[in-house]
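# Tertiary structure, described
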Amino acid sequence: MNSDFGGHRAVQVRIRVGAPALQRGHEHPGSLLWAVDIFGRVYTLSTAGQYWERCKNGELEFKRVSAIKECCWGIACDHQVYIYVHSTDVPFATRRRPMKISDRWQWSDVSGLKNQRLESFVPPSPHWEWESDWYVDENFGGDPTEKGGWTYAIDFPATYTKDKRWNSCVRRRRWIRYRRYKSRDMWAKIPYLEDLKELPDPFNDLSVGGWEITDEPVGRLSVWAVSLQGKVWYREDVCHHNPEGSLWTLIATPGEAVQISCGPYDLVWATLWEGQAIVREGIDRNNPQGISWTIVESPVTENGILHVSVGVNVVWAVTKDRKVWFRRGVNSHNPCGTSWIEMVGEMLMVSVGLNDQVWGISCEDRAVYFRQGVTPSELSGKTWKTITCSRDSDRSQTGSSTSLHSAGCFFTGDIKEQATSLFQTEGDLPPGGSPDVAEASPGDDSNHGGPQGSDSGEEAAACPVVISPLDETAPALDQQAQEVPEGTASDRDPPPAELQWTNVDLKEAHKSPVGAASTLAETSSLSSFGGLSVGVEDHFVTDDHPLWAWVSSGACLVDSHTSLKWFATQSAGTSASGQSLSLSITPAQTAAWRKQIFQQLTERTQREIENFRHYEQAVEQSVWVKTGTLQWWRNWKPYKWVDVRVALEQFTGNDGTRDSILFIYYMHYEEKKYIHVFLNEVTILVEILNEAKHSFALYTPEKTKQRWPIRLAAATEQEMHDWLALLSVSCRESRQIQGPPSHQAIWSLTCKGDIFLSEPSPDLEATTHPMPCDQMFWRQIGGHLRLVESNSRGIVWGIGYDHTAWVYTGGYGGSFFSGLASSGDNIYAQSDVKCVYLYENQRWNPVTGYSNRGLPTDRYMWSDASGLQECTKTNTKPPSPQWSWVSDWYIDFSVSGGTDREGWQYAADFPASYHGNKTMKDFVRRRRWARKCKIVTTGPWLEVPPIALRDVSIIPQSPAAEEEFVALWAISDKGDVLCRLSVTPQNPAGSSWLHVGTDQPFTSVSIGAFHQVWAVARDGSIFYRGSVSPKKPEGDCWYHIPSPPKQKLKQVSVGRTSVFVVDKNGNLWYRQGITPSYPQGSSWEHISNNVRKVSVGPLDQVWVIADKVQGSHSLSCGTVCHRTGVQPMEPKGASWDYGIGGGWDHITVRGNATENTKTASPETSGDPSHKMAESDAGENTGGGGGGEGEGEGDLPQTTLLVDVAHSLDRNAIHC
């Protein structure tokens, strides 16, 4: 064959094995689940079947087995190891090569160093037999050789050829003989070939795996075993052509082992007598035994680990108190994982199979349970489900039992109602989980009212499914006892959407009380059968199901497409009984009948309306007009302010509705012209921060796309506020919006600190064709804030620029709104203080040292942060006339990067990275000066003393949440983490603060819908708070989460299941791999750049404040952007849709729990022109660089709050 043989004659033994090749991805049509009952009998259950089948060689009794797809290893009660190899017709070969030559052994192996004569070859064990006699292989490299099969070379070892040459001094040929593994489909005892003095002790446990180790030879297996004396052994040379291996090798351990588990890859865990677990590290293709052990402590000190089972990326464990634990953070790079999570249920043992699916044996009834809902994104699954299959020898008993059930359903009226809702087939279950069934106590009729049928009512009645004591869906339903299962009533209004994590069985989750033990299991609680008659209850307790002692799932492949018949038993008699109970009118017929009646009523209404169209209107329209003189910014060359006359015409329709039109009359080349705006099209009216004019902007959807709003200016601030109030009231009347905001409102803040809110449409978060967010209407509320946070129960908190905390009182109006535009009460005085900064810049020269004489290309010696605008102490004014100075200029030492004693920061050049210590390479320096100014206004806000806050987060609950207290977390201005106690809708301010310990200052915090708390530290690192619950609002401890590579984070937002963060470079990141069992997630995925703030809502909707958003004419800074395409299976969304901007600084959508009304679709809407500039700065025409104003051409060109005197594009609004 190959040219690597050496010697005179080579002997090759080809082995015909009865096991298929252990190739990656090889699958059987029906994989097998192996189990051992308490009598030592071994059974298999096929994924395509519904009965346990007993293995051959039934006279053997086993303690435990470990199976893979091709074979099964087991330990019998005689402490001997056996292997069960499945039969196949595919032969497989191996090579052994003896040789003959004068200077080598005449017969040898391929190396020529070992003497191997033909008669010395014997089968390795009694399970092998010769299939043929020895013969010469006359094939060499695919070509036939000369007669005799000889190959030639100059000397040993060398390169061989089939042709003899003049210098060929040695030759060799290969002899072949087939041997076959004959012990197939039976238990074969593994022989001991070692020295008798080194034989291992009797084995107590073993595990088979390792067939997927990276780049390993195809077909190789790893077999690990534990002896009665606590020693760990490894079986050498186990592969598909040698299924029984060759010998046992002792592996040193740090203690006496009890049990071991090996996964398909490089994961090997074992348990010690002391209760710890040990993890084998260093396993690879060259060293399948690994290198060393690492000790992992038990999740609880008082009860050590009794049993472990590993898969690809999971580890499950059972402690001595029979509690089940899930190890999170396990992967090939970190085989030890990070921490333990307790799961609901008590098990004797668990077994992890292919695809990380999990099976277990319950302590209570010794039944085999399957873990439902295990997916790559949710490795811990959702609920335990009993396998109710009977043994093949018990099929006759099953038929009589189901017949008894049919009779019981026919004669028991109340059972019939429950059977249609509780007894469902697998086809009735929603994907990925069991149905949510409202828990009913004995005698409770809350689940009996209303229709309970479904389109598959016949099948539902035919499939009895009983309640599991391990199902943890019941706790989530205790609070909503009236909720019905999904799909059980087609004519009933759909129940409110369930939160996705209600079935999380973490340690802090509320556990369901375990009722009387049931022999079968599926839904939520045994108490649901409290109304059954005695005769029917006997049916569920008389079925003698097998009692299991061990289960092995390494050969069982279950995925989302697998249809299992393990959880219900059907028979012809039961089906007939179910059909006899069906109604003559189906739900589909009922729906058609109702639709027909509705159409007839609609047609009649239209006919009646047509009969009265000739009558005159009883009420005439009324018109009201207000006129005035303003200035208007002309948006074509020459750009300038133009005196105009404006008229607001408001008319009232015959139905009482009001609408308004704003006319702007101007002169163009001595010709009178006008433009008009329908106020029902106006999306926002906002004041512009401009030191030269008292101006405001008026946006419509079209103007928002262009980033060119209509800009008007008044002569005085009071006149401007009068027009703003009048126009705002007219806009609200045109849209019929009155009174305070709803609990679902979206809140936002401008860079100026003004507060706006928008009432979300039900179609705003629709998956298919959502409402564009540039059509959202924003109205202003009095007050001044830097940050605002809300939730759907009406609790709204805000933080001012001076870090004062404020709570919303429920009113509306304030500020310049008065009369009907403002509520009469709940309006209070509010003040805020902020700092205005400017920078003093200096350059070093050899003569004078640092001075205010710079190079001609340098920035202004007194400037803003960018250095592009000159700002001196004398010409710098407060942000607007509403502000007044309350301090003098002072040096600010709290600058990022640190300062020296005089407040200076040093760098090599402008701009650069500044630091507080001078070095020999530093030629420029700067220091920041600050001055405080104050604003006094009114709004629906009350101060929350006494702690100043930096950040606040409120749990995004459902409006129907029944928890008494609302979780609220905050960060103080000093970086302390705080938890507010006793926050309720009636008392939104709460009562007191609870300090949460940290080892460093924090800057941002966010709490998700299921009390998952994430926080960002001042150094840019991020942490997750464990064990936070309503009963333990402060949680347990902080878990450090690795940040995105080379990035420092500044803000985090957590929704229902999603976590998004923004780093200090403006990148938006999404946390992947977050599941109920592993809420810390696995990795970060980059979503977009140029993001300033992010807000994730209770529906996992994502909104951001973004910079450099592409508009029709320029780039916009501080724009509200909506992430479209967000779905449960695509939580990070697909594209961006932008709304109002620029000049926006903050947004929160955490109160918007309004479900969309459109059918989910993978399609998403969005104009390509509405995309955010996400990747290359080169795509942002007219802009470059990563920050605001790093160069002459880099100024953002379309933001709202600007100084017009220094704008580059005089037609755009700038920051």
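Residues numbered from 1 in each chain as written. Predicted model: local features only at pLDDT ≥ 70, side-chain atom pairs only at ≥ 80, totals over all residues. Heavy atoms only, no water.

Attention now moves to the overall build of the protein chain. The secondary structure content of the protein chain amounts to nine helices and 70 strands. Counting only residues that meet the buried cut, the protein chain has 56% of its 1215 residues in that class. In the protein chain, the share of contacts with a sequence separation of at least 24, taken over all contacts with a separation of at least 6, comes to 62%. (Helix = DSSP H or I, 4+ residues; strand = E, 2+ residues; numbered from the N terminus. Buried < 20%, exposed > 50% of the residue type's maximum accessible area, 1.4 Å probe, protein only. Contact = heavy atoms within 4.5 Å.)

Further remarks concern the nonpolar core. Among the nonpolar cores identified, the biggest contains 35 residues, and L33, W34, W52, W187, W359, I387 and W566 are the most heavily contacted of them. Among the elements that make up this core, the one with the highest residue count is strand β2 (residues 32-37) (four residues). Aside from chain neighbours lying at most four places away, what touches W52 is L33, A35, Y43, T44, L45, V368, I387, C389, S390, R391, D392 and W548. Counting residues in each nonpolar core, the second largest holds 32 residues, with I954, V977, A1015 and A1017 among its members. (Core = buried A, V, L, I, M, F, W, Y, C linked by side-chain atoms within 4.5 Å.)

Opposite charge on two side chains permits pairing when their charged atoms draw close. For the structure shown, the criterion picks out 15 salt bridges. A salt bridge links R64 to D205; the shortest N-O distance between them is 3.1 Å. Of this pair, R64 sits in strand β5 (residues 62-67) while D205 sits in strand β16 (residues 203-209), and the two are 141 residues apart along the sequence. For the pair R64 and D205, one class covers both residues: buried. With a shortest N-O distance of 2.8 Å, E840 and R927 are connected by a salt bridge. Of this pair, E840 sits in strand β46 (residues 828-845) while R927 sits in strand β52 (residues 924-939), and the two are 87 residues apart along the sequence. (Salt bridge = Lys/Arg side-chain N within 4 Å of Asp/Glu carboxyl O.)

The next point concerns helix α9 (residues 717-734). In this model, α9 (18 residues) spans 26 Å end to end at C-alpha, consistent with the 26 Å of a helix rising 1.5 Å per residue. Within α9, 13 of the 18 residues are buried, which leaves it mostly tucked inside the rest of the structure. Positive backbone phi, approximately 55 degrees, marks Q736, located one or two places after α9. (Expected span 1.5 Å × (residues − 1).)

With the rule as written, the count across this model stands at zero disulfides. Left without a disulfide partner, C71 is nearest to the cysteine sulfur of C72, which lies 7.5 Å away. (Disulfide = S-S within 2.5 Å.)

UniProt records the feature "domain: PH" (unreviewed entry) at residues 693-732, using the numbering of this structure. Split by type, residues 693-732 is 55% helix and 28% strand. Its first and last C-alpha atoms lie 26 Å apart. (UniProt positions renumbered as here; feature names shortened; annotations may be inferred.)

Right, let's talk about the sheet that holds strand β6 (residues 71-76) for a bit. What the four strands build is an open sheet, ordered β5-β6-β7-β15; its pairing is antiparallel. Here the strands that pair on one side only, and so sit at the sheet edges, are β5 and β15 (187-189). Strand-to-strand twist across the sheet, computed as the mean angle between neighbouring axes with direction ignored, equals 30 degrees. (Pairing = 2+ DSSP bridges. Axes fitted to C-alpha atoms, helices over the stretch in contact; angles between N-to-C directions.)

Now for the environment of E244. Summarising the element assignment, E244 is placed in the loop between β18 (232-235) and β19 (248-251). Judged by relative accessible area, E244 falls into the buried class, the value being 2%. Sequence-wise, E244 and P191 are 53 residues apart; in three dimensions their C-alpha atoms are separated by 8.3 Å. Look past the residues within four positions of E244 in its chain and what remains in contact with it is W73, I83, P124, S125, H127, W128, Y181, I190, P191, R235 and V238.

A few words now on unusual backbone geometry. Between K637 and the following residue, P638, the backbone shows a cis peptide bond with an omega angle of -5 degrees. The topology assignment puts P638 in the loop between β33 (622-634) and β34 (640-652). Going from P945 to P946, the amide bond is cis rather than trans, its omega being 0 degrees. Turning to its location among the elements, P946 is positioned in the loop between β53 (941-943) and β54 (949-954).

Moving on: the pairing of strand β24 (residues 305-310). Counting buried positions along β24 gives five out of six residues, so the element sits mostly inside the fold. Of the pairings in the sheet, the one linking β24 to strand β25 (residues 315-319) comprises five bridges and is antiparallel in character. Residue pairing across strands places H307 opposite V318, the latter belonging to β25. Linking β24 to β25, which pair antiparallel, is a turn of four residues.

The subject of this paragraph is the pairing of strand β32 (residues 548-552). Within β32, four of the five residues are buried, which leaves the element mostly enclosed by the surrounding structure. Across four bridges, β2 lies against β32 in antiparallel orientation. Counted as the bridge partner of D37 is W548 from β32.

If you walk through the whole model with that rule in mind, you get 39 aromatic pairs. With 5.8 Å between their ring centres and 75 degrees between their planes, F62 and Y82 make a pair best called edge-to-face. On the criterion of sequence distance, the pair formed by F62 in strand β5 and Y82 in strand β7 (residues 81-85) is long-range, its members being 20 residues apart. Given a relative accessible area of 3%, F62 falls into the buried group. What makes Y82 buried here is its relative accessible area of 8%. Ring centres of F663 and Y665 lie 6.1 Å apart, and the angle between their planes is 20 degrees; on these two criteria the pair is classed as stacked. Residue Y665 is classed as partly exposed on the basis of its relative accessible area, which comes to 30%. Put simply, the rings of W34, F62, Y82, Y84 and W187 pair up and form one aromatic cluster. Sitting above the plane of the W633 ring, R711 keeps its charged end 5.4 Å from the centroid. (Phe/Tyr/Trp six-rings, centres within 6.5 Å; stacked < 30°, edge-to-face > 60°. Lys NZ or Arg CZ within 6 Å of the ring centre and 35° of its normal.)

On to the sheet that holds strand β62 (residues 1049-1054). Pairing is antiparallel in the open sheet, where four strands are placed in the order β62-β63-β64-β65. Edge positions in the sheet fall to β62 and β65 (1083-1088), since each has one partner strand and no second. Averaged over all neighbouring strand pairs, the angle between strand axes comes to 30 degrees, with direction disregarded. Inspection of the sheet shows β62 paired to strand β63 (residues 1059-1063) by five bridges, in the antiparallel sense. Residue L1049 lies in a different strand from β63, and its bridge partner there is D1063.

For R328, the position within the fold is in strand β26 (residues 323-328). Using a relative accessible area of 6% as the deciding quantity, one classes R328 as buried. Here S339 takes part through its side chain, which lies 2.6 Å from a polar atom of the side chain of R328. Each residue touching R328, except ones within four places of it in the same chain, is listed here: G337, T338, S339, I341, Y1039, S1077, Y1078, P1079 and Q1080. (Polar contact = N/O pair within 3.5 Å; in protein donor to acceptor, adjacent residues only side chain to side chain.)

Among the surface-exposed residues, I38, F39 and L547 lie close enough to one another that they form a single nonpolar patch of about 270 Å² accessible area. Within the secondary structure, I38 sits in the loop between β2 and β3 (42-46). Its relative accessible area of 38% is what places I38 among the partly exposed residues. (Patch = residues over 30% accessible without salt bridge, like charges linked within 9 Å, V, L, I, M, F, W, Y side chains within 5 Å. Areas by Shrake-Rupley, 256 points an atom, 1.4 Å probe, with all protein chains shown as cover.)

Here I1087 lies in strand β65. By relative accessible area, I1087 is classed as buried at 8%. Each C-alpha atom, one on I1087 and one on S1135, is 9.5 Å from the other, the two residues being 48 residues apart in sequence.

This part covers the side chain of S660. Locating S660 in the fold gives a position in strand β35 (residues 658-668). You can call S660 buried: its relative accessible area is 1%. Polar contacts involving the side chain of S660 include one to the side chain of Q650, which spans 3.5 Å. Setting aside residues no more than four positions away along its own chain, S660 makes contact with L648, E649, Q650, F651, V677, F678, L679, S730 and S734.

Looking at the protein chain, the pLDDT average stands at 75 and 73% of residues meet or exceed 70. Across residues 1-29 the pLDDT falls below 50, and counting only partners more than four positions away or on other chains, this stretch makes 158 contacts in the model. A low-confidence stretch, residues 89-102 (pLDDT under 50), is modelled with 69 contacts involving residues beyond four sequence positions or located in other chains. (pLDDT = per-residue confidence, 0-100.)

As for its placement among the helices and strands, E59 is situated in the loop between β4 (51-54) and β5. Assessed through its relative accessible area of 62%, E59 is described here as exposed. Along the chain, E59 and R41 lie 18 residues apart, while their C-alpha atoms are 8.4 Å from each other.

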